[in-house]
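Analysis of the macromolecular model
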Amino acid sequence: MTAQNTREWLRSLPVFETPAPDFDPVQVPEQPVELFLGWLRDAADAGVPAAHAVTVATSTPDGPTSRVVILKDVDADGWQFATNQTSPKGRALAADPRTALTFFWPSRGRQVRVLGVAEALPAAESAEDFLARPVASRAASIVGKQSEALSGPAEYREAADAARELVQAEPGALAAGWTVYRVRPTVVEFWQASRDRAHVRVEYRRDAGGVTGAWTHGMLWP
């Protein structure tokens, strides 16, 4: 496929063909988490695959980077996800805790952006989260070495088998450095697609109090 054909093909792909859900940008709650939970439940009820998947963006010496993880929890204090402190995400957050989260539910024509500061939760809460994970997931985390060079599948299988045996023999075994992070938001933006391109955007922003300040909200130009 040539570059021109690629451009033409990309432009031919459909975007937001299904009718958008109702969204009144004037009648929104005072707290962004309430609106977020409503949108998240709507996406899950509509059958959006992995509706709780979120893209996490961090900063590194080589520039910004991002990856998709699973949302662990959300409440008035912030959005939570988990990783190992020695993973690229963990190292990046230790150097610069500022981060951005993006949720995207294409079939609902909706996107939510969260900007804030990540903080590690207490070790006891991280341990509770880890032990609630399935055996295979705990074993994979105990293997560790995320993003390090791997000689081949056999090396990983050997390490994974050993970790699985450990988890089965010691159900309380923890992965060293496993940490739940809470992103305390300073800005939360809700984006609702419109087929006529008059997309609706509502932004919540903390006042001068930073991550503990009161929320204000208003509309943004598409």
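Refer to the preceding data block for the structure.
Below is a short write-up of the structure. In this text, all values refer to a predicted model and were calculated from it rather than measured experimentally. (Residues numbered from 1 in each chain as written. Predicted model: local features only at pLDDT ≥ 70, side-chain atom pairs only at ≥ 80, totals over all residues. Heavy atoms only, no water.)

**Concerning a nonpolar patch on the surface**
Rules: Each patch is assembled from residues with relative accessible area greater than 30% and no salt bridge, linking like charges that lie within 9 Å and nonpolar side chains (Val, Leu, Ile, Met, Phe, Trp, Tyr) that lie within 5 Å. Here the Shrake-Rupley method, with its probe set to 1.4 Å, supplies the accessible areas, and only the displayed protein chains count as covering residues. One side-chain nitrogen of Lys or Arg within 4 Å of one carboxyl oxygen of Asp or Glu is enough to make a salt bridge. Numbering of helices and strands runs from the N terminus; a helix is a DSSP stretch of H or I covering at least four residues, while a strand is a stretch of E covering at least two.
Taken together, W9, L10 and L13 make up a surface patch of nonpolar side chains, about 300 Å² in accessible area. Mapped onto the elements, W9 comes out in helix α1 (residues 3–12).

**A closer look at unusual backbone geometry**
Here is the rule we go by: The buried label applies to any residue whose accessible area, calculated with a 1.4 Å probe on protein chains only, is under 20% of its type's maximum; exposed applies above 50%, and partly exposed to all values in between.
One non-glycine residue, A50, lies in positive phi territory at about 45 degrees. Along the chain, A50 falls in the loop between α2 (32–45) and β1 (53–60). The phi dihedral of R197 falls on the positive side, at around 70 degrees, and the residue is not glycine. By the element assignment, R197 lies in the loop between β7 (178–192) and β8 (200–206). Judged by its relative accessible area of 56%, R197 falls in the exposed class.

**Overview of the packing of aromatic side chains**
Definition in use: Planes of paired rings set the category: under 30 degrees apart is stacked, over 60 is edge-to-face and the rest tilted, where pairs are Phe, Tyr or Trp rings (Trp by its six-membered ring) whose centres lie within 6.5 Å. Criterion for a charge above a ring: Arg CZ or Lys NZ at most 6 Å from the ring centre, at most 35 degrees from the ring normal.
Across all of its chains, the model carries 11 aromatic pairs by this definition. Aromatic side chains F23 and W39 sit 5.1 Å apart centroid to centroid with 80 degrees between the ring planes, which places their arrangement in the edge-to-face category. Here F23 is found in the loop between α1 and α2, whereas its partner W39 is found in helix α2, with 16 residues between them in sequence. The class for W39 is buried, based on a relative accessible area of 4%. With centroids separated by 6.4 Å and ring planes inclined at 85 degrees, the aromatic side chains of Y204 and W215 adopt a geometry described as edge-to-face. Of this pair, Y204 sits in strand β8 while W215 is found in strand β9 (residues 215–220), placing the two residues 11 residues apart along the sequence. Each member of the pair Y204 and W215 is classed as buried. An aromatic cluster is present here, built from F23, W39, F190, Y204 and W215 joined pairwise through their rings. It is R110 that lies over the ring of W39; its NZ or CZ is 4.2 Å from the centre.

By themselves, these figures tell us nothing about what the structure is for.
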